[in-house]
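Examination of the molecular architecture
In case you want the letters, here they are:
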Amino acid sequence: MLQSVVRSVTRLSVAGSRSYCNASDKLVLTEVNDKTGYATVTLNRPPVNSLNLELLTAISAALDDLLNNKSRGMILTSSSKSVFSAGLDIMEMYKPKQERMKEFWTTLQDVWFKLYGSPFPTVAAINGHSPAGGCLLAMCCEYRIMLPNFSIGLNETQLGIVAPTWFQATMRNTLSRRDAELALTLGTLFNTEEALKVGMIDEIAANKEEAIAKATGFLDRFKKISPQARSMTKQALRSKDIMELEDNRSQDVDLFCFAVSQPKVQKGLEIYLESLKKKAAK
């Protein structure tokens with residue numbers, strides 16, 4: 001489940017912390033606080049951190065690095081001031097090449113396995129909008145802190161898409177089953193206050209700095225808890241969801257590729273892309 005992948009990283013020394021970044025593109029920035037041992041992982045693919053193959057590969061490598069270095073905790077955030085992550089990059093699904101499409105979906109699965117099943121505690125500092133795949137990343141974390149005036153949710157049905165079963169399982173692990181069913185079928189995007197009320201997030205912070213401070217406070221709560229006991233308890237709680245995807249992984253890839261390749265889906269993606277171009281032209 002948590003396969004280790006050897007990656008090349010650039011390591012830069014700064015006062016009180018160590019920074020790691022992907023040497024080729026810096027799509028993910030990781031800074032480890034030497035005092036606490038906590039890592040802040042920052043998504044860094046402007047303008048909106050759309051999850052393409054390259055960004056997902058960089059996230060996967062960053063998680064491997066934290067695992068191999070026995071991280072004490074991770075805070076996931078964004079370099080953008082308005083978007084945490086806009087979700088999956090639509091260009092990975094529009095007129096796709098079969099092999100790349102398979103690799104894209106397999107890498108997304110990898111990221112989910114590693115983040116949802118991470119042995120170290122995780123927090124999302126959501127400093128911008130977080131629809132669809134962005135919401136998935138946030139929900140994979142054990143604790144979520146969000147800034148005001150942003151939105152979050154799995155809004156796939158609004159786009160005529162069905163959220164995969166493991167997306168749905170992640171939401172059921174976050175919300176009550178009834179709230180998850182309503183949110184998934186309606187494709188609800190919650191504003192920050194609504195997200196707090198329904199349990200999508202755990203706290204609201206006034207700004208990113210406060211969100212990071214609150215995230216650090218959450219991780220500090222585990223200082224006197226056995227890391228092994230904490231990790232094993234988390235794994236037990238999430239193992240059913242993880243095993244279900246592990247047992248059906250290749251079928252899930254095939255289903256995604258089949259669904260995306262359908263003419264109606266491709267037409268819908270084309271219409272959506274045209275609408276984005278019109279908005280950008282205004």
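The text that follows walks through the structure, step by step, so that each part is easy to find. Residue numbers here run from 1 along each chain, matching the order of that chain's written sequence. Owing to the predicted nature of the model, reporting of local features is limited to residues with pLDDT of at least 70; listing and counting of side-chain atom pairs is limited to 80 or more, with chain, interface and lining totals taken over all residues. Note: side-chain values were computed over all heavy atoms of the structure, leaving out hydrogens and water.

Let us now look at the packing of aromatic side chains. Ring pairs shown here join Phe, Tyr and Trp side chains whose ring centres sit within 6.5 Å, with only the six-membered ring taken for Trp; geometry is labelled stacked below 30 degrees between planes, edge-to-face above 60, and tilted in between. With the rule as written, the count across this model stands at 11 aromatic pairs. Considering the side-chain rings of W105 and F167, the 6.3 Å spacing of their centres and the 5 degrees angle between planes classify their relative orientation as stacked. Remark: F167 occurs in helix α4 (residues 165-172) and W105 occurs in helix α2 (residues 98-116); sequence separation between them is 62 residues. Summarising the burial analysis for this pair, W105 and F167 share the class buried. For the pair F218 and F222, a centre-to-centre distance of 5.3 Å together with 85 degrees between the ring planes defines the contact as edge-to-face. Only when the NZ of Lys or the CZ of Arg is both within 6 Å of the ring centre and within 35 degrees of the ring normal is a charge said to sit over the ring. Sitting over the ring of F222, R230 keeps its end group 5.3 Å from the ring centre. One cation-aromatic arrangement involves R238 over Y116; the distance from NZ or CZ to the ring centre is 4.5 Å. Strands are runs of DSSP state E lasting at least 2 residues, helices are runs of H or I lasting at least 4, and numbering of each runs from the N terminus. Categorising residues by exposure relies on relative accessible area from a 1.4 Å probe, with only protein chains included: less than 20% of the type maximum marks a residue as buried, more than 50% marks it as exposed, and the intermediate range marks it as partly exposed.

The next subject is the pairing of strand β4 (residues 38-43). Burial runs high along β4: 5 of the 6 residues are buried. Whether two strands pair depends on DSSP finding at least two bridges between them. Where strand β3 (residues 28-33) and β4 come together, 5 bridges link them in antiparallel fashion. Residue T30 lies in a different strand from β4, and its bridge partner there is V41. Hairpin connection between β3 and β4: a loop of 4 residues separates the two successive antiparallel strands, and G37 in this loop has a positive phi of roughly 80 degrees.

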